[in-house]
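Spelled out, the chains give:
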Amino acid sequence: MTKLNADMPDSKGYFGEYGGQIIPPELVKVMNDIDEAYEKVTKTAEFQRELHQLYTDYVGRPSPIYYAKRLSEKLGGARIFLKREDLNHTGAHKINHCIGEALLAKFMGKKKVLAETGAGQHGVALATACALVGIECEIHMGEIDIQKEHPNVVKMKILGCKLVSVTRGTQTLKDAVDSAFEEYLKDPVNYFYAIGSVVGPHPFPKIVRDFQSIVGKEAREQFLVKENKLPDVLVACVGGGSNAIGLFTAFLDDSSVRMIGVEPGGKGLDTDQHAATLTLGSKGALHGFECYNLQDSDGNPLPVYSIASGLDYPGVGPQHCHLKDIKRVEYTSIDDSECMDAFMQLSRLEGLIPALESAHAVAHAMKIAKTMSPEETILINLSGRGDKDADFVANYLSL
Ligand SMILES: *Cc1c(COP(=O)(O)O)cnc(C)c1O
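Remember, it's a predicted structure, so these values are computed and weren't measured experimentally.

**Quick look at the overall build of the protein chain**
No. 1: Helix and strand counts for the protein chain stand at 17 helices and 14 strands.
No. 2: Over its C-alpha trace the protein chain gives a radius of gyration of 20 Å, about what one expects of a compact globule, namely 21 Å for 399 residues.
No. 3: Referenced to the eigenvectors of the C-alpha coordinate spread, the extents of the protein chain come out at roughly 60 × 45 × 45 Å.
No. 4: When the 399 residues of the protein chain are sorted by exposure, 60% land in the buried category.
No. 5: Excluding contacts between residues fewer than 6 apart, the proportion of contacts in the protein chain whose partners are at least 24 apart in sequence is 73%.
No. 6: Surface exposure of the protein chain reaches about 16,100 Å², of which carbon and sulfur atoms provide 52%.

Quick look at the structure:
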């Protein structure tokens, strides 16, 4: 644990002004019970042994750090390194916290794990983790998303989770959240709601961060072994913010390390087709916590857009909001065409097809690498692989 992190969040779940529990009073006790169980259970040697065994033998951790030589040389500036979360089982960083949450639910004696999913990435990672630890899993998904995301829908079914089609409202993520939450409220003592990023009421931003912090912990050690010094800059994409905080946490006290979170600039910050929450949002409450969010004048979340469905969220994790305010992390955005360009460059120069989410981080690293010297280094969190995006990109670029 780093110093900056040790006292975060406070006992009420606040990171500075952000986070907390903006929920009905009867749920506060439920959340606090989860927090208490979390603190107790995850500190036991038995839990840690099982978690780390699964990280090693099942996920394939530690994921390597790879020096992207051809990409770096083409840009002619800083040397670019990638933390290869794309190599994890199921192809992204999400499995790190899904296994943690499923295992926690099992240790707490819960009967069922519940969640919503938008494009299905969280759903597949969670269904995988639940199959692995042997606990019932129920995922709510909008009917429109179900029709759009066939491969993930099929995977969830094969993995044995109960998939609930949500046919109310817009039949997309927002309604899936409401539907899953209603189911959760039927029996919060026996159900566990597995949140998919560092968002939601306390203690979830803390729980998900802690499970993802393995990424930065490994990366810091690996980088020191490889280069004998720390990276100059860290870059990660930010949707809810779990892969970014997972990388950043281990480096928060290293004042020489600059950190940059990259949001989806979509079709441009001057349009309403983006999800640049930290860049253009304002403070408000959303999904049970306080954060920067993109909201209308009545405080309702605005529709957001990203070419990468995993970044498509009107709020952002409370710790990122705090890190922005205290200026420890910089936040910026990358638009669709820059993202596509980075997606193709990394594919063709390195043979690595990145997730469109991760391509936002790659695009920003490419931008700043050119302005830096070859003695300097950038470490990107390559949060996931792009197999899921291949058809979309081929279509978009008429390949
Ligand atoms: C879901 C996802 C993201 C965005 O989530 P964060 O919580 O911001 O990390 C980023 N990259 C990939 C590959 C994803 O699947």
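**Points about the site of the ligand**
No. 1: The environment of the ligand is made up of 17 residues, and the closest members are Lys94, Ser197, Gly239, Ser242 and Ser383.
No. 2: With respect to the ligand, the backbone of Gly239 contributes an N or O atom lying 2.8 Å from an oxygen atom.
No. 3: Contacts to the ligand include Gly240, whose backbone N or O atom sits 3.2 Å from an oxygen atom.
No. 4: Protein contact buries 97% of the 380 Å² of open area that the ligand shows by itself.
No. 5: Among the residues forming the shell around the ligand, the class breakdown is 5 nonpolar, 10 polar and 2 charged.

**Some remarks on the sheet that holds strand β8 (residues 191-193)**
No. 1: With respect to topology, 4 strands assemble into an open sheet ordered β7-β6-β5-β8, the strand pairing being parallel. Each edge of the open sheet carries a strand with a single partner, namely β7 (162-166) and β8. Across this sheet, the average inter-strand angle for adjacent strands is 25 degrees, counted without regard to direction.

**As for the pattern of salt bridges**
No. 1: All told, the structure shown has 26 salt bridges when counted by the stated rule.
No. 2: Across the pair Lys174 and Asp178 runs a salt bridge whose closest N-O atoms are separated by 3.7 Å. Separated by 4 residues within a single helix, Lys174 and Asp178 lie in helix α9 (residues 173-186), roughly one turn from each other.
No. 3: One continuous salt-bridge network, built from bridges that share partners, spans Lys112, Glu138, Lys162, Glu183 and Lys186.

**Focus on the nonpolar core**
No. 1: The biggest cluster of nonpolar side chains holds 83 residues, and the ones touching the most others in it are Leu126 and Tyr184.
No. 2: Here this core gathers at least three residues from each of two domains, domain 1 (11-55 + 94-209) and domain 2 (62-91 + 213-397).
No. 3: With residues near it in sequence (within four places) discarded, Tyr184 still touches Leu27, Val30, Met31, Ile34, Leu114, Tyr191, Phe192 and Tyr193.
No. 4: In this structure, Val262, Cys339, Met344 and Ile380 belong to the second largest nonpolar core, which totals 38 residues.

**Overview of the domain arrangement of the protein chain**
No. 1: Here the domain parsing of the protein chain yields domain 1 (11-55 + 94-209) and domain 2 (62-91 + 213-397).
No. 2: With centres defined by C-alpha atoms, the gap from domain 1 to domain 2 works out at 23 Å.
No. 3: With 28 residues of domain 1 at the contact, the number on the domain 2 side is 31 residues.
No. 4: At the boundary of domain 1 with domain 2, total buried surface from both sides reaches about 2,300 Å², with 63% on carbon and sulfur atoms.
No. 5: We note a salt bridge from Glu17 to Lys283, for which the minimum N-O separation is 3.2 Å.
No. 6: Between domain 1 and domain 2 we count 10 residue pairs in polar contact (both at pLDDT 80 or more) in total.
No. 7: Elements with a contribution of two residues or more to the side of domain 1 that touches domain 2: β1 (14-15), β2 (18-19), α3 (45-59), α5 (94-107), α6 (121-133) and α10 (204-212).
No. 8: For the side of domain 1 that touches domain 2, the per-class residue count stands at 14 nonpolar, 12 polar and 2 charged.

**Topic: the sheet that holds strand β10 (residues 258-266)**
No. 1: Strands sit in the order β3-β4-β14-β9-β10-β13 across an open sheet of 6 strands; the sheet is mixed. Strand pairing shows two members of the sheet lacking a second neighbour, β3 (65-67) and β13 (330-335), which therefore form its edges. Taken over all neighbouring pairs, the strand axes of this sheet differ in orientation by 30 degrees on average, direction set aside.
No. 2: Here strand β9 (residues 233-237) pairs with strand β14 (residues 377-382) via 3 bridges, running parallel. By the bridge assignment for β14, Leu234 is matched with Leu379.
No. 3: Across the sheet, helix α15 (residues 336-350) lies against β3, β4 (79-84), β10, β13 and β14, angled at about 85 degrees from β13, the strand it touches most.

**With respect to the side chain of His364**
No. 1: Relative to the assigned elements, His364 resides in helix α16 (residues 356-369).
No. 2: For His364, a relative accessible area of 9% translates into the label buried.
No. 3: Look past the residues within four positions of His364 in its chain and what remains in contact with it is Val235, Ile260, Val262, Thr332 and Ile334.

**As for the pairing of β14**
No. 1: Summarising burial for β14: 6 of the 6 residues are buried, a large majority.
No. 2: Burial along β14 is two-sided: the face carrying Thr377, Leu379 and Asn381 and the face carrying Ile378, Ile380 and Leu382 are both buried.
No. 3: Relative to β14, β4 runs parallel, the two being bridged by 6 bridges. Within β14, the position partnered with Ile80 by the bridge is Ile378.

Procedures and definitions
- Residues numbered from 1 in each chain as written.
- Predicted model: local features only at pLDDT ≥ 70, side-chain atom pairs only at ≥ 80, totals over all residues.
- Heavy atoms only, no water.
- Helix = DSSP H or I, 4+ residues; strand = E, 2+ residues; numbered from the N terminus.
- Rg over C-alpha atoms; globule rule 2.2 N^0.38 Å.
- Buried < 20%, exposed > 50% of the residue type's maximum accessible area, 1.4 Å probe, protein only.
- Contact = heavy atoms within 4.5 Å.
- Areas by Shrake-Rupley, 256 points an atom, 1.4 Å probe, with all protein chains shown as cover.
- Near = heavy atom within 4 Å.
- Polar contact = N/O pair within 3.5 Å; in protein donor to acceptor, adjacent residues only side chain to side chain.
- Nonpolar A, V, L, I, M, F, W, Y, C, P; charged D, E, K, R; others polar.
- Pairing = 2+ DSSP bridges.
- Axes fitted to C-alpha atoms, helices over the stretch in contact; angles between N-to-C directions.
- Salt bridge = Lys/Arg side-chain N within 4 Å of Asp/Glu carboxyl O.
- Core = buried A, V, L, I, M, F, W, Y, C linked by side-chain atoms within 4.5 Å.
- Domains from an automatic or database assignment.
- Buried area = accessible area lost by both parts, 1.4 Å probe.

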